[in-house]
Amino acid sequence: MTTSSRATPATEARDPRDELPEHLGALRAFALSLTRNSAAADDLVQDTIVKAWSNIEKFERGTNLRAWLFTILRNTFYSDRRKRKREVADPEGIHAATLYEKPAHDGRLAMNDFVQAFDQLSPEHREVLTLVGASGFSYEEAAGMMGVAVGTVKSRANRARARLAEMLGLEEGEDILAGADRNSLAVMGKSGVAAA
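Residues numbered from 1 in each chain as written. Predicted model: local features only at pLDDT ≥ 70, side-chain atom pairs only at ≥ 80, totals over all residues. Heavy atoms only, no water.

K.L.:
What is the right way to look at the packing of helix α4 (residues 65–84) against helix α7 (residues 123–134) in this model?
P.N.:
How two helices sit against one another is set out by the angle between their axes and by the gap between those axes. Interaxial distance between α4 and α7 falls to 13 Å at its minimum, and their mutual angle equals 170°. With respect to α7, the axis of α4 lies roughly antiparallel. Residues Phe70, Arg74, Phe77, Tyr78 and Arg81 of α4 touch α7, and the partners they reach there are Pro123, Glu124, Glu127 and Leu131. Class assignment of the residues belonging to the contact of α4 with α7 gives a composition of five nonpolar, no polar and four charged. (Axes fitted to C-alpha atoms, helices over the stretch in contact; angles between N-to-C directions. Helix = DSSP H or I, 4+ residues; strand = E, 2+ residues; numbered from the N terminus. Parallel < 35°, antiparallel > 145°, perpendicular 65-115°, else oblique. Contact = heavy atoms within 4.5 Å. Nonpolar A, V, L, I, M, F, W, Y, C, P; charged D, E, K, R; others polar.)

K.L.:
Even after reading the chapter, I still don't get unusual backbone geometry, so can you show me in this structure?
P.N.:
Of all residues except glycine, most have a negative phi; of all peptide bonds, most are trans. The backbone phi angle of arginine 36 is positive, close to 60°, even though this residue is not glycine. With respect to the secondary-structure elements, arginine 36 resides in the loop between α2 (24–35) and α3 (38–54).

K.L.:
Can you walk me through the side chain of threonine 48 in this structure?
P.N.:
For threonine 48, the location among the structural elements is in helix α3. Setting aside its immediate chain neighbours within four residues, threonine 48 contacts Leu69, Ile72 and Leu73.

K.L.:
Honestly, the environment of serine 38 in this entry has me stumped. Any pointers?
P.N.:
Of note, serine 38 is situated in helix α3. For serine 38 and arginine 28, which are 10 residues apart along the polypeptide, the C-alpha to C-alpha distance reads 8.6 Å. Apart from residues lying up to four places away in sequence, serine 38 is in contact with Arg28 and Leu32.

K.L.:
Sorry, what's going on with α2 here?
P.N.:
For an α-helix the count is 3.6 residues per turn, leaving residues at separations of three or four pointing the same way. With 12 residues, α2 should reach 16 Å at 1.5 Å per residue; the first-to-last C-alpha distance of 16 Å fits that figure. Within the sequence span of α2, burial applies to Ala26, Leu27, Phe30, Ala31, Ser33 and Leu34. Within α2, the buried residues cover an arc of 160° as seen down the axis, which keeps them to one side. Immediately beyond the C-terminal end of α2, within one or two residues, lies arginine 36, with a positive phi of roughly 60°. (Expected span 1.5 Å × (residues − 1). Buried < 20%, exposed > 50% of the residue type's maximum accessible area, 1.4 Å probe, protein only. Arc of directions from axis to C-beta.)

K.L.:
Sorry if this is basic, but what is going on with helix α9 (residues 150–167) here?
P.N.:
In a regular helix each residue adds 1.5 Å, so 18 residues correspond to 26 Å; α9 covers 26 Å between its end C-alpha atoms and thus fits that length. Regarding α9, the residues found buried are Val153, Arg156, Ala157, Ala160, Arg161, Leu164 and Ala165. Just past α9, the residue glycine 169 takes up positive phi, approximately 70°.

K.L.:
Quick question: what am I supposed to make of the environment of alanine 29 here?
P.N.:
Tracing the backbone shows alanine 29 in helix α2. On the basis of relative accessible area, alanine 29 is assigned to the partly exposed category, the value being 41%. Remark: the alpha-carbon pair of alanine 29 and valine 45, spanning 16 residues in sequence, is separated by 9.6 Å.

K.L.:
Got a minute to help me understand the packing of aromatic side chains in this structure?
P.N.:
What characterises a pair of aromatic rings is the spacing of the ring centres plus the angle enclosed by the ring planes. Under the defined criterion, the tally for this structure stands at five aromatic pairs. Here the aromatic rings of phenylalanine 77 and tyrosine 78 are separated by 4.9 Å at their centres, their planes lie at 75°, and the arrangement is edge-to-face. Judged by its relative accessible area of 11%, tyrosine 78 is buried. A ring pair is formed by phenylalanine 114 and phenylalanine 118, whose centres lie 5.9 Å apart and whose planes are at 20°; its orientation type is stacked. Separated by four residues within a single helix, phenylalanine 114 and phenylalanine 118 lie in helix α6 (residues 109–120), roughly one turn from each other. What makes phenylalanine 118 buried here is its relative accessible area of 5%. (Phe/Tyr/Trp six-rings, centres within 6.5 Å; stacked < 30°, edge-to-face > 60°.)

K.L.:
Honestly, the pattern of salt bridges in this entry has me stumped. Any pointers?
P.N.:
Two side chains carrying opposite charge are able to pair once their charged atoms lie near each other. Taken as a whole and assessed by the stated rule, the structure comprises six salt bridges. A salt bridge links arginine 28 to aspartate 42; the nearest nitrogen and oxygen atoms lie 2.4 Å apart. A residue pair is termed long-range when its members are at least 10 positions apart, and arginine 28 in helix α2 and aspartate 42 in helix α3 qualify at 14 residues. Ionic pairing is found between glutamate 124 and arginine 81, a salt bridge with its closest N-O pair at 3.6 Å. Within this pair, whereas glutamate 124 is found in helix α7, its partner arginine 81 is found in helix α4, the two being separated by 43 residues in sequence. Overall, the relative accessible area of 26% leaves glutamate 124 in the partly exposed class. (Salt bridge = Lys/Arg side-chain N within 4 Å of Asp/Glu carboxyl O.)

This is the structure we're talking about:
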């Protein structure tokens, strides 16, 4: 009898909590795309991990742990966003004082323009481009995480890409990817790689 055809008890019994660290980088990238602030993104990832750890019994083994974590993160972000609508934001200007714009050097002009345009997209459009483009999820997986129909995901991705092209001042037929770096290509969904 060969053991290669059977799963070992160690792989069958692997606790999903042991896999959480493998997903931290992707969670942080997704959180950054939603919050646009590294401290807020770190807090959001931490909240996500705490919620996942506390509710690990609700995770169905054999399903996509990363998708489950992304869903928790997304729901946490939007719940916090709804709560903040009732708050008075930054009365002492502490947050505003931390904002700055990096100088645009010759080699980074296109990426800076892209980042500025990406920042101006709605959270829903940044979310769909990050999930489908940068993180490599299929439209179906993204739809499940976002809680919307597959057609809605496709439509949002198309509108987000069109809005980016408009904000970047690209003419119809102009190659949006000319001179684009790896990260831009990933977000635009035109490469087989994820953003770093």
